[in-house]
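Listed below are the residues making up each chain.
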Amino acid sequence: MNDQRIRMIIPVPVPDEALHAFAAQVPPELAAQRITVEMTCAARGGGALGSIYEGTVADAFCLEAGASAEIDGCAAVCVNSMSDSGVAALRSRLSIPVVGAAQPTYALAAQLGRRFSILSMWDQWRWLYDKILNDNGLGGKLASVRSIGVRPDASELLAGKEDSVFPLLLEAGWRAIEDDGADVLILGSTTMHQSHRFLAEHLPVPVLNPGLVGLRTCQMLLSLDVAQSKRAYPSPDVIMDGVVLGA
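S.K.: Give me the sheet that holds strand E1 (residues 4-10): which residues, what numbers.
M.R.: Pairing within the open sheet is parallel, and its 4 strands lie in the order E2-E1-E3-E4. The open sheet is flanked by strand E2 (35-41) and strand E4 (98-99), the only strands paired with a single partner. In this sheet, E2 lies alongside E1 in parallel orientation, the contact comprising 7 bridges. Each residue of the ladder has a partner; that of Ile10, found in E2, is Cys41. Helix-sheet contacts for helix H3 (residues 52-66) involve E1, E2 and strand E3 (76-79), and the interaxial angle to E1 is about 160 degrees. With respect to the sheet, helix H9 (residues 210-224) is in contact with E1, E2, E3 and E4, its orientation differing from that of E1 by roughly 150 degrees.

Encoded structure:
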C-alpha cells in the first residue's frame, strides 16, 4: 500500500499549539498503516462560529484550505469541526473523499442508540447542530442539546479548564440521559476532545468524539476505495478557486 495523507482542516485560524493539541488525538496506529494526518487551519476568518455569518466565512476559507489537496497528493480531506464547514463545496471540487466531523458522528450515533444528545459548551452553537441534522434528516433522533454556557476558546481548547468544565459537562451528560432519554452522547465541538476520556469513563452510554469519528471515517473510505458520488456532488465546469477568495 502506498503512503496516504489526510488533510485535516480546522475551520478558523489557530496557533501552532492548538494544532498540536488537535493532532495529539490522532491514533498512533495510523502510522503503521502508512497514513499520515496533515493538520492545517483556515488562513483567515475567525471567531467561535457562533453565528451563521461566521459559519459562511468559514465555508469559504475551508474551501480555500482544501481545494488544492488532491493536486498536492492528499488521499482525503477531513474538516475537523461540527460545522462541517466547506464540506459540500469540497466534495464537488475534489474527487478524493471529503468528510466533516458532524455528519458521520450523527450517523454513527443513530446506529448506536435510539436517540442522542449533544453536550455543548455554548448556546450559540445551536444553529450549526440544527443545520447539519436537518440537512441529513436526523433531527428526529435528537433527544436534546445540553449547553454548559461557557464561551469556547479555539486557541487554548480546554487546557487548564478541566476542573471547572469537566464537572459541568458530566452533569449535563447525566441530565441528557436521565431527563431527556438519550442513550448516546456527542461532544458538541471538536475543541472539546480533551474531555472525551473523562466523560466516557464516568457515563454509562457511548460518548462520541466527533473529530476522531471524522478521521476514522476518512480511514474507512480509503480502505474501501470509495468517495462521494459525483451524481450528488457534480464537479464544476470551471475551476474558480481564486475568484471568491482573491487568491
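S.K.: Run through a nonpolar patch on the surface, naming residues and quoting values.
M.R.: A contiguous nonpolar patch, built from Met220, Leu224 and Val226 and spanning about 270 Å² of accessible area, is present on the exposed surface. With respect to the helices and strands, Met220 occurs in helix H9. Note on Met220: relative accessible area 42%, which makes it partly exposed.

Cut-offs and rules
- Residues numbered from 1 in each chain as written.
- Predicted model: local features only at pLDDT ≥ 70, side-chain atom pairs only at ≥ 80, totals over all residues.
- Heavy atoms only, no water.
- Pairing = 2+ DSSP bridges.
- Helix = DSSP H or I, 4+ residues; strand = E, 2+ residues; numbered from the N terminus.
- Contact = heavy atoms within 4.5 Å.
- Axes fitted to C-alpha atoms, helices over the stretch in contact; angles between N-to-C directions.
- Patch = residues over 30% accessible without salt bridge, like charges linked within 9 Å, V, L, I, M, F, W, Y side chains within 5 Å.
- Areas by Shrake-Rupley, 256 points an atom, 1.4 Å probe, with all protein chains shown as cover.
- Salt bridge = Lys/Arg side-chain N within 4 Å of Asp/Glu carboxyl O.
- Buried < 20%, exposed > 50% of the residue type's maximum accessible area, 1.4 Å probe, protein only.

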